[in-house]
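Structure at a glance
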Amino acid sequence: MALDVKVPVVGESITEVTIAKWLKQDGDQVAMDEVICELESDKATFELPAEAAGILRIKAQEGDTIAIGEVICSIEGAGQGASTPQPTTVSSQHSLTESKSVTDPQSTVAAENTPSQGIPNQPQGGGAGTGQTLDVKIPTVGESISEVTISKWLKADGDQVAMDEVLCELESDKATFELPAEAAGVLRIVAQEGDTVEIGATICRIEVGAGSGVSTSPAPQLSAPAAQPAQAASSGYGGSTTYASGTPSPAAGKILSEKGISASDVNGTGRDGRITKEDAQNAQARPAAPAPQPAAASAAPAAKESAAAPAAPGVRNSRREKMSSLRKTVARRLVSVKNETAMLTTFNEVDMKPIMDIRAKYKDKFKEKHEVGLGFMSFFVKACTVALQEWPAVNAQIDGAEMVFNDFCDISIAVSAPKGLVVPVIRNAEGLSLDGIEKEVVRLAKRARENKLGIDEMTGGTFTITNGGVFGSMMSTPIINAPQSAILGMHNIVNRPVAINNQVEIRPMMYLALSYDHRIIDGRESVSFLVRVKELLEDPMRLLLGI
Amino acid sequence: MLLCKSGYGAFSHIKRKIMKYDVTVIGSGPGGYVAAVRCAQLGLKTAIIEKYSVLGGTCLNVGCIPSKALLDSSEHFHNAAHTFKTHGIELDNLQVNLEQMIKRKGEVIKSNNDGIAYLMKKNKVDVYNGLGSFLSKNTIKITGQDGTAQQIETDKTIIATGSKPVNLPFLPVDKNRIITSTEALTLKEVPKHLIVIGGGVIGLELGSVYARLGAKVSVVEYTDAIIPTMDRALGKELQRVLKKTLGFQFFFGHKVTGAQVEGETVKVTAETPKGETVTFDGDYCLVSVGRKPYTEGLGLENAGVQLGERGMIAVDDHLQTNVPGIYAIGDVVRGAMLAHKAEEEGVLVAEIMAGQKPHINYNLIPGVVYTWPEVAGVGFTEEQLKAQGVAFKAGSFPFKASGRAKASMDTDGFVKVLADAKTDEILGVHMIGPRAADMIAEAVVAMEFRASAEDIARMSHAHPTYTEAMKEACLAATENRAIHI
């Protein structure tokens, strides 16, 4: 009854092939000529079509290398509606789907034992659910975004989902989104984690209606089982991937939740891929993917990584990870900015004593009155907006053959967020008071940390400020945040001897760097801008008097 | 008395300034004192308030510990009377000295009381004796037994006031002939006929104590089984063994309608399943129909803490009440009334307060009955798996096939392992037999790591031990390939 499918002769001199991927799962109903798997030789890849219709029973697994002529799978009940499932591999699913037409006592018993698995959703009607299938499509998430990457499925294929329950996380080059279910029902995943899909494309289907349990619909049942072999390949332990892979031990679970790391982001080295306490201790949040940002800032995660990986003697592990789409976009943009602009950097230094004195004197009163701390950022933003209005080229940008000058100052601020650096924008910063700026910084930083920033909050800035100083940077040449034309880099404050009125004094000094696009900003403008910022910071009274 | 007086002296000294704490724990049972120790370990300034003069709560003073003391004593006697001869030990004039048994039990309690007091001192937890009640969310009044009152202030509070036995309105406890577990731990004589109302853990354990010492024990139970929340196979086996070895009589489906004391006799009336009225004549009647959360005098209304169903304090997943900063743990909140559950919750709350993110897997808190044979279970019961429609396989191994059990003449009982039909993951372990209460720990460890039945089957278990039964049951569950049966 079962038809053995053998590896066909694919070419002279080819004696064996590797199974690159099963496109159908064990137990799936396959149609004649439907492609069931991809084979790979050292010369080419091939598709293997089904030689008959029936139920697929996989014999050789993904990654296996098998000789030409060997059995790769079998197709049961070739040409027939149903067949008796092999006793050793009966899973409740199969017995359920087949029990409609089979009087085999075994499957009947199995069906009775597993009532909550649901009533078979019979293709010819008469089943439980409404039978309606809703295609879930990627919604429009923002202008200029044409595709998104599925960063994580939060529900598995076949899961019962409730209306508005979050199904998966999507990632564009700008932000992450959650996709809620548009109806209650059984989830059928179409696109896999890591796939990049276009806006409007179907990402999954929902079989509407509760309790429709097992379906015989030919919707591809790729999800969980299909994803497992891939996990196995990456898991540290030699053992196989099982239901328990990725299970954190009780202590490991606590450590991970305190670190805010999902167990699914950790490779377990315990038996069958379990996550041990040591795994959890060594786990790091996913390497941050900074937004298009200064070199100083993007260097920071790298520095953190090398610090966190202790150079244990003799250990020479290296690790490969797929680049997230965010990271890829960042990489592409940074290179294009370097290639397509005439970027250079001018430096200056600021004596921070006056601002530090003001802060020391007024920070309590400021806090009491405005309920927000008085930081350096407000002074820098304020000074920049004054200087930008005096040197409009620094606040302008090139658009094709035209230059766009902006009468407003929308200042992008680099903020550390869980997924990397993001650059939310303070709108019309020129009109804000110091406390207004501080409040906006706090609000945006909070939203960034909670991953709640929307794309509209991160686009449209006219000038960027980045502070590599928080990571300890002394001096850097930031990269412009395109399409803007200039970026100010703040650095750490260090006590240095300086000459004040011909006396050597120790002052808290900060180097400032302004990277700018020489195509639109002349040296006179950029240098004058930076000198002006320095003046305003060293004598904040000027901010008040407007001089 | 002298101790008491010096205590008052200390109080009057403290009274002058209001003490402020990061955390105050109300109740010093296993939930409360463990929470206090963990809070102190995490650097929080901690106080604990206990209504009674000794620390340890129900568990230590009138629960787990004293009952185990008497269970062990009575089991020794039972063995001496029934199995020593077979072992080749002959005794003349074997007698029960109940007074000494109760005295030893008291010493065990005292030693543990002192132990907890030491732990409080070691961890610099301030102990207040008296009834703690909220004046407001952050102020707690402590009223001593002599009526003196003092106040403390606290940032956060853990309510760990526990539970007390349920009384039935038609069955007034006189604490003399009609008694609760508390009195059953201090009887002056071995009952001739002890009528136990309720076939739960407490009734069976205390019934066992006196049955072993010679009492006739009748268990009157409203439902159709003993220990009905555990896997049904365990109750069946326990019922069989208690009948066989201790002469227990069970009356199921009986609805007790009243009890009357006439001199030294207690007459318990009940309705049979057929609706007929029957009377049980005994000399003592133990009412063990359950326990209820205890929140009397706590002044919850002053703090705004709301109660949930059945008098429990309503809490969220972090065991926080509706009032931020006030938490509740143990018997006073939802879940099984077990000391070890309360302990886990005490640690959890302390760590949450310290900003950590601990988690309790409530499904993996084992249930234990300290009869002999002991009964223990963890995870899903067979009944639950069937109700959920989970496809599972079961493997059992009886102790009568265990070499070690035969050597010690403890051949009653079995270990039953339930595993997922497809993945072989262990979903539940249920055992009745010698040292089952200790052996269940292996199952908890295995299930916390989501081990499969075959995983356990492939781990070496020392021979000859009772734990081999666990391994064999796992072998049976794996592919029905137990070796020794």
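Each remark here, short or long, concerns the structure printed above.
So, here's what we can say about the structure. None of these values were measured; they are calculated from a predicted model. (Residues numbered from 1 in each chain as written. Chains lettered and ligands numbered in written order. Predicted model: local features only at pLDDT ≥ 70, side-chain atom pairs only at ≥ 80, totals over all residues. Heavy atoms only, no water.)

**Topic: the overall build of chain A**
On a plain count of helices and strands, chain A comes out with 12 helices and 27 strands. For chain A, with 547 residues in total, the buried portion stands at 42%. Once local pairs closer than 6 in sequence are excluded, the contacts in chain A between residues at least 24 apart make up 63%. (Helix = DSSP H or I, 4+ residues; strand = E, 2+ residues; numbered from the N terminus. Buried < 20%, exposed > 50% of the residue type's maximum accessible area, 1.4 Å probe, protein only. Contact = heavy atoms within 4.5 Å.)

**Comments concerning the overall build of chain B**
Check the secondary structure of chain B and you find 16 helices and 22 strands. The buried share among the 485 residues of chain B stands at 52%. Taking as baseline every contact in chain B between residues at least 6 positions apart, the subset at least 24 positions apart corresponds to 63%. Summed over its atoms, the accessible surface of chain B is roughly 22200 Å², and 53% of this surface lies on carbon and sulfur atoms. (Areas by Shrake-Rupley, 256 points an atom, 1.4 Å probe, with all protein chains shown as cover.)

**Some thoughts on the pairing of strand β26 (residues 493-500) of chain A**
Across eight bridges, the pairing between β26 of chain A and strand β27 (residues 503-517) of chain A is antiparallel. Note on β27 of chain A: the bridge partner recorded for Val 494 of chain A is Met 509 of chain A. (Pairing = 2+ DSSP bridges.)

**Topic: the interface of chain A and chain B**
Many analyses report the size of an interface as the accessible area lost when the parts associate. At the interface, 16 residues of chain A touch 16 residues of chain B. Between chain A and chain B, the buried area comes to about 1400 Å², and carbon and sulfur atoms account for 54% of it. Among the residues of chain A in contact with chain B, Tyr 243, Lys 254 and Arg 274 of chain A are the three that bury the most area, contributing 39% of the side total. Our count for the contact surface shared by chain A and chain B stands at two salt bridges. Between Asp 455 of chain B and Arg 274 of chain A there is a salt bridge, with the nearest N and O atoms lying 3.8 Å from each other. Taken together, chain A and chain B are joined by nine residue pairs in polar contact (both at pLDDT 80 or more). Per-element accounting of the side of chain A that touches chain B gives the leading share, four residues, to helix α4 (residues 250-259) of chain A. (Buried area = accessible area lost by both parts, 1.4 Å probe. Salt bridge = Lys/Arg side-chain N within 4 Å of Asp/Glu carboxyl O. Polar contact = N/O pair within 3.5 Å; in protein donor to acceptor, adjacent residues only side chain to side chain.)

**Looking at the environment of Ile 432 of chain B**
Residue and element names in this part refer to chain B. Note that Ile 432 resides in strand β22 (residues 426-433). Remark: the alpha-carbon pair of Ile 432 and Leu 238, spanning 194 residues in sequence, is separated by 7.4 Å. Not counting residues up to four positions away in its chain, the partners in contact with Ile 432 are Leu 234, Glu 237, Leu 238, Pro 373, Glu 374, Val 375, Phe 399, Asp 412, Gly 413 and Phe 414.

**A closer look at a nonpolar patch on the surface**
The grouping of Met 541, Leu 544, Leu 545 and Ile 547 of chain A at the surface amounts to a nonpolar patch, some 450 Å² of accessible area in total. Position of Ile 547 of chain A relative to the elements: it lies in the segment after α12 (541-545). (Patch = residues over 30% accessible without salt bridge, like charges linked within 9 Å, V, L, I, M, F, W, Y side chains within 5 Å.)

**Considerations on the pattern of salt bridges**
In the structure shown here, the tally under the stated rule is 50 salt bridges over all chains. The shortest N-O distance in the salt bridge between Asp 135 of chain A and Arg 205 of chain A comes to 3.1 Å. One end of the pair, Asp 135 of chain A, is in strand β9 (residues 133-137); the other, Arg 205 of chain A, is in strand β16 (residues 202-208), with 70 residues separating them in the sequence. A relative accessible area of 34% places Asp 135 of chain A in the partly exposed class. Between Arg 334 of chain B and Glu 345 of chain B there is a salt bridge, and its shortest N-O distance comes to 3.3 Å.

**Overview of the sheet that holds strand β20 (residues 392-398) of chain B**
Residues and elements named next belong to chain B. If you trace the five strands from one edge of the open sheet to the other, you get β18-β19-β22-β21-β20, paired in antiparallel fashion. In this open sheet, the two strands that pair with only one neighbour each are β18 (367-369) and β20. Each strand of the sheet is rotated relative to its neighbour by a mean of 10 degrees, with strand direction disregarded. Against the sheet, helix α14 (residues 436-448) engages β18, β19 (374-379) and β22, with an angle of about 10 degrees to β19. (Axes fitted to C-alpha atoms, helices over the stretch in contact; angles between N-to-C directions.)

**Considerations on helix α9 (residues 376-390) of chain A**
Count 3.6 residues to each turn of an α-helix, and residues three or four apart come out pointing the same way. Residue and element names in this part refer to chain A. In this model, α9 (15 residues) spans 22 Å end to end at C-alpha, consistent with the 21 Å of a helix rising 1.5 Å per residue. Counted residue by residue, α9 has 11 buried out of 15 residues, so it is predominantly covered. All of the buried residues in α9 are Met 377, Ser 378, Phe 379, Phe 380, Val 381, Lys 382, Ala 383, Cys 384, Thr 385, Ala 387 and Leu 388. (Expected span 1.5 Å × (residues − 1).)

**Quick word on the packing of aromatic side chains**
Residue and element names in this part refer to chain B. All chains considered together, the criterion is met by six aromatic pairs over all chains. Geometrically, the ring pair formed by Phe 250 and Phe 252 is stacked, given 5.8 Å between the ring centres and 5 degrees between the ring planes. Here the two residues Phe 250 and Phe 252 agree in accessibility, since each one is buried. Aromatic pair Phe 251 and Phe 280: ring centres 4.7 Å apart, planes at 65 degrees, arrangement edge-to-face. A residue pair is termed long-range when its members are at least 10 positions apart, and Phe 251 in strand β11 (residues 249-251) and Phe 280 in strand β14 (residues 277-282) qualify at 29 residues. An aromatic cluster is built from Phe 248, Phe 250 and Phe 252, whose rings are joined through pairwise contacts. Positioned above the aromatic ring of Tyr 284, the side-chain terminus of Arg 177 is 4.6 Å from the ring centre. (Phe/Tyr/Trp six-rings, centres within 6.5 Å; stacked < 30°, edge-to-face > 60°. Lys NZ or Arg CZ within 6 Å of the ring centre and 35° of its normal.)

**Points about the environment of Glu 183 of chain B**
Residues and elements named next belong to chain B. Tracing the chain through its elements places Glu 183 in helix α7 (residues 181-184). A C-alpha to C-alpha distance of 8.6 Å links Glu 183 and Val 62, two positions 121 residues apart in sequence. Apart from residues no more than four positions distant in its own chain, Glu 183 is found in contact with Val 173 and Lys 175. From its side chain, Glu 183 meets the backbone nitrogen of Thr 180 in a polar contact 2.7 Å long.

**Topic: the nonpolar core**
Ile 203, Phe 463, Ile 465 and Phe 529 of chain A are the most contacted members of the largest nonpolar core, which totals 71 residues. The element best represented in this core is α9 of chain A, accounting for eight residues. Residue contacts for Ile 465 of chain A: discarding those within four places in its chain leaves Met 377, Phe 380, Val 381, Cys 384, Ile 411, Ser 412, Ile 413, Ala 414, Leu 488 and Met 490 of chain A. Of all hydrophobic cores here, the second largest spans 50 residues; its members include Met 120, Ile 140, Ile 158 and Ile 360 of chain B. (Core = buried A, V, L, I, M, F, W, Y, C linked by side-chain atoms within 4.5 Å.)

**Section: the side chain of His 193 of chain B**
Residue and element names in this part refer to chain B. On the secondary structure map, His 193 appears in strand β9 (residues 193-197). Assessed through its relative accessible area of 11%, His 193 is described here as buried. In this structure, His 193 is in contact with Lys 216, Val 217, Ser 218, Asp 281, Gly 282, Asp 283 and Tyr 284, ignoring residues within four places of it in sequence.

**Quick notes on the sheet that holds strand β15 (residues 196-198) of chain A**
In a beta sheet, neighbouring strands pair by backbone hydrogen bonds and run either parallel or antiparallel. Residues and elements named next belong to chain A. With antiparallel pairing, four strands are arranged side by side in an open sheet as β13-β12-β10-β15. The open sheet terminates on both sides in strands that have one partner only, identified here as β13 (176-180) and β15. Neighbour-to-neighbour, the strand axes of the sheet open up by a mean angle of 40 degrees, direction not taken into account. Sheet topology note: the strand β12 (residues 166-171)/β13 ladder contains five bridges and is antiparallel. When the bridges of β13 are listed, Val 166 appears paired with Pro 180.

**Focus: helix α9 (residues 232-246) of chain B**
Residues and elements named next belong to chain B. Along its 15 residues, α9 runs 21 Å from first to last C-alpha, staying within 8% of the 21 Å computed at 1.5 Å per residue. Listed in full, the buried residues belonging to α9 are Leu 234, Gly 235, Glu 237, Leu 238, Gln 239, Val 241, Leu 242 and Leu 246. In the core, the buried residues of α9 are packed alongside α4 (64-82), α8 (201-212), β11, β19, β21 (414-420) and β22. Gly 247 sits one or two residues past α9 and shows a positive phi near 70 degrees.

**Here's the deal with unusual backbone geometry**
Residues and elements named next belong to chain B. Here the bond from Trp 372 into Pro 373 is cis, since omega is 0 degrees, no more than 30 degrees from zero. Looking at where Pro 373 falls in the secondary structure, it is placed in the loop between β18 and β19. A cis geometry characterises the amide bond from His 463 onward to Pro 464, with omega recorded as -5 degrees. Although it is not a glycine, Asn 93 adopts a positive phi angle of roughly 60 degrees. The exposed category is assigned to Asn 93, whose relative accessible area is 70%.

Remember that the coordinates give geometry; whether it matters functionally is a separate question.
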